[in-house]
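What follows is each chain in one-letter form.
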Amino acid sequence: MPRTLAVRSKKISTDAIAAAALAGSLLVAGSAQAASGPAVPPVPQQPAGKIVSASGVNERMYPSTDSAVRGTVARGAKIGLRCKVRAQTVGGNNIWYLLRTRNTWVAAAYVGSAGVGAVPLCKDVDRTPLDSAPTTRAAMG
């Protein structure tokens, strides 16, 4: 059952009215802010690239064309990039990218910008279980 509040006729000061109005507006503002939730910081986007070579690109075990081919990536495919190193020059470019999802390398000469994030140097990237092999650590410098 709803309650009814009875107000007796008494003289109320203007200071009390102002304080009540301020408290009410603060409650409304606070509840509006709580409804929208706290500000969420933007999630940094991870670096990516797009294969621009007409025939695609070979994924290599190490950042060198002398290294074994582990797979290929088709033209136009978007790839996640974990980090980069300077190694063998291919097509005038000595940058090689380590893929984010696989422990393989692709030459940057065949990768165009996908407009997402700067690729860090491999020495500045936290190590993962994929990086624990001695041959991988040697390749990353």
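Residues numbered from 1 in each chain as written. Predicted model: local features only at pLDDT ≥ 70, side-chain atom pairs only at ≥ 80, totals over all residues. Heavy atoms only, no water.

The name an unreviewed UniProt entry assigns to the chain is SH3 domain-containing protein, from the organism Streptomyces klenkii.

Engineer: Quick one: what's the story with the overall build of the chain, residue by residue and with numbers?
Structural biologist: Check the secondary structure of the chain and you find two helices and seven strands. Overall, the chain shows an N-to-C arrangement of helices and strands of α-β-β-β-β-β-β-β-α. Residues counted as buried form 28% of the 141 residues belonging to the chain. At a minimum sequence separation of 6, the contacts of the chain that also span at least 24 residues come to 53%. By element, 58% of the accessible surface of the chain is carried by carbon and sulfur atoms, the whole surface being about 9,800 Å². (Helix = DSSP H or I, 4+ residues; strand = E, 2+ residues; numbered from the N terminus. Buried < 20%, exposed > 50% of the residue type's maximum accessible area, 1.4 Å probe, protein only. Contact = heavy atoms within 4.5 Å. Areas by Shrake-Rupley, 256 points an atom, 1.4 Å probe, with all protein chains shown as cover.)

Engineer: Give me the lowdown on the state of the cysteines, citing residues and values where you can.
Structural biologist: This structure, assessed with the given rule, holds one disulfide. The disulfide partner of Cys83 is Cys122, and the gap between their sulfur atoms is 2.1 Å. On the sign convention where negative means left-handed, the S-S torsion of about 85° between Cys83 and Cys122 marks this disulfide as right-handed. Of this pair, Cys83 sits in strand β4 (residues 78–90) while Cys122 sits in the loop between β7 (111–116) and α2 (134–140), and the two are 39 residues apart along the sequence. As far as burial versus exposure is concerned, Cys83 and Cys122 are alike and both buried. (Disulfide = S-S within 2.5 Å.)

Engineer: Quick one: what's the story with the pairing of β4, residue by residue and with numbers?
Structural biologist: In this sheet, β4 lies alongside strand β1 (residues 48–51) in antiparallel orientation, the contact comprising three bridges. Bridge pairing in β4 places Lys50 opposite Lys78. Where β4 meets strand β5 (residues 93–99), six bridges bridge the pair, whose relative direction is antiparallel. Across the sheet, the residue bridging to Val90 is Asn93, located in β5. Hairpin connection from β4 to β5: two residues lie between these consecutive antiparallel strands, with Gly91 at a positive phi of about 60°. (Pairing = 2+ DSSP bridges.)

Engineer: Go over the pairing of β5, please, and point to the residues and values.
Structural biologist: Most of β5 is tucked away: five of the seven residues are buried. Summarising the sheet, β5 and strand β6 (residues 105–107) pair through three bridges and their orientation is antiparallel. Residue Leu98 lies in a different strand from β6, and its bridge partner there is Trp105. Once β5 ends, the chain turns through five residues before running back antiparallel as β6.

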